[in-house]
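Chains, contacts and geometry: an overview
What follows is the residue order along each chain.
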Amino acid sequence: MTTSTQSGPTIRPASLTRRQTARRVCVTAAAASFGLYLASPFVTLWSAASDLQHHDATALGRMINWGSLDASLKRQTLAGLHLNVQPAADELPEFGSSFASTAVSNAVDTTVNQANLGTLIDEAMPANAPAAQATAPSFASLATRASVHFNRLDQFVMELPLPGHERETPLRVELRIQGWNWKITNVELPMRREPVMQASATPSNA
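Let me begin by describing the structure that accompanies this report. Quantities reported herein were computed from a predicted structural model and do not represent experimental measurements.

Secondary structure assignment for the protein yields 7 helices and 4 strands. Sorting the 206 residues of the protein into buried and exposed places 22% on the buried side. In the protein, once contacts between residues fewer than 6 apart in sequence are set aside, the share between residues at least 24 apart is 51%. Split by element, the accessible area of the protein, about 15,200 Å² in all, is 60% carbon and sulfur.

Right, dumping it as structure tokens:
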């Protein structure tokens, strides 16, 4: 006696199909979210550059953490004037140094703020300067020279060598996630590179 078996199409349970569909949706959503996260600081920088070129101080100001930027510029200015040297614990700062540091801090507070951002943009990029605009490199050409990286999940850094400042450090712009948005928290302006000291292995004869 022979028994014949017939094979037909395999019917998957509806619950298994729903689980697989849900898994695919979750993976797709996670990949899309990660892609948006990776692209978001680039979008912020591109928007900031566009606002700068169009002299839109209001839009640009919304991308800046003014407290952090103010502290950053004070630190750089004081360092450039050699006024950031901290006295010893048992010493008082010199009157002249203390007075100059206070003056510099007040100047930064007065000049670099939301109210004066439009004036700063006009001074850095004059709107009525067609000849200068014609020779200035575009943001797209500058972006090809930029070096970008994530320091942390919530910190993104762009370093951009500026034309005419080849002997200086690149412009460094730091962004951090604050309030679910990327904010410009630190801008380090180009400064002259420190000379590299090379030690010689050949003994010198007196």
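Quick look at the packing of aromatic side chains now. The description of two aromatic rings rests on the distance between their centres and on the angle between their planes. Per the counting criterion, the structure on display carries 7 aromatic pairs. Plain terms: the ring middles of Phe-42 and Phe-156 are 5.1 Å apart, the flat faces sit at 70° to each other, and that makes the pair edge-to-face. Residue Phe-42 is found in helix H1 (residues 14-53), and its partner Phe-156 is found in strand S2 (residues 155-160); the two are separated by 114 residues along the sequence. Three or more aromatic residues link up through ring pairs in this structure, and these residues are Phe-34, Tyr-37, Phe-42, Phe-150, Phe-156 and Trp-182.

Applying the stated criterion across every chain yields a total of 5 salt bridges. Of the charged contacts in the structure, one is a salt bridge between Glu-188 and Arg-172, with a shortest N-O distance of 3.8 Å. One end of the pair, Glu-188, is in strand S4 (residues 181-188); the other, Arg-172, is in strand S3 (residues 171-178), with 16 residues separating them in the sequence. Look at Glu-188 and you get partly exposed, because its relative accessible area is 29%. We classify Arg-172 as buried; its relative accessible area is 17%.

For residues besides glycine, phi is generally negative; the peptide bonds are generally trans as well. Its identity as a non-glycine residue notwithstanding, His-55 has a phi of 60°, on the positive side. Relative to the assigned elements, His-55 resides in the loop between H1 and helix H2 (57-61). You can call His-55 partly exposed: its relative accessible area is 25%. A positive phi angle, near 70°, is found at Trp-180, a position not held by glycine. Here Trp-180 shows up in the loop between S3 and S4.

Pairing of strand S1 (residues 147-152) with S2 involves 5 bridges; the strand directions are antiparallel. Each bridged residue has a counterpart across the sheet, and for Ser-147 the counterpart in S2 is Glu-159. What sits between S1 and S2 in their antiparallel hairpin is a turn of 2 residues.

Turning our eyes to something else, we now look at the side chain of Thr-44. You can see Thr-44 is positioned in helix H1. In this structure Thr-44 comes out as buried when scored by relative accessible area, which is 13%. The residues touching Thr-44, leaving out its near neighbours within four places in the chain, are Met-63, Leu-175 and Trp-182.

This paragraph deals with the sheet that holds S2. Here 4 strands make up an open sheet; going across it, the order is S1-S2-S3-S4 and the pairing antiparallel. Each edge of the sheet is formed by a strand with only one pairing partner; in this case those strands are S1 and S4. Mean inter-strand twist for the sheet, computed between neighbouring axes without regard to direction, equals 25°.

Turning our attention to the layout of surface pockets. In this model, the second largest pocket occupies a volume close to 260 Å³. Lining the second largest pocket are 12 residues; nearest its centre among them are Gln-76, Thr-169, Glu-188, Leu-189 and Met-191. Considering only residue class, the lining of the second largest pocket consists of 5 nonpolar, 3 polar and 4 charged.

Reading the values: the criteria
- Residues numbered from 1 in each chain as written.
- Predicted model: local features only at pLDDT ≥ 70, side-chain atom pairs only at ≥ 80, totals over all residues.
- Heavy atoms only, no water.
- Helix = DSSP H or I, 4+ residues; strand = E, 2+ residues; numbered from the N terminus.
- Buried < 20%, exposed > 50% of the residue type's maximum accessible area, 1.4 Å probe, protein only.
- Contact = heavy atoms within 4.5 Å.
- Areas by Shrake-Rupley, 256 points an atom, 1.4 Å probe, with all protein chains shown as cover.
- Phe/Tyr/Trp six-rings, centres within 6.5 Å; stacked < 30°, edge-to-face > 60°.
- Salt bridge = Lys/Arg side-chain N within 4 Å of Asp/Glu carboxyl O.
- Pairing = 2+ DSSP bridges.
- Axes fitted to C-alpha atoms, helices over the stretch in contact; angles between N-to-C directions.
- 1 Å grid on protein atoms, 1.4 Å probe; cavity = no way out; pocket = protein on both sides within 12 Å on 5 of 7 lines; lining within 4 Å.
- Points joined across faces, edges and corners; volume = space filled by probe spheres on them.
- Nonpolar A, V, L, I, M, F, W, Y, C, P; charged D, E, K, R; others polar.

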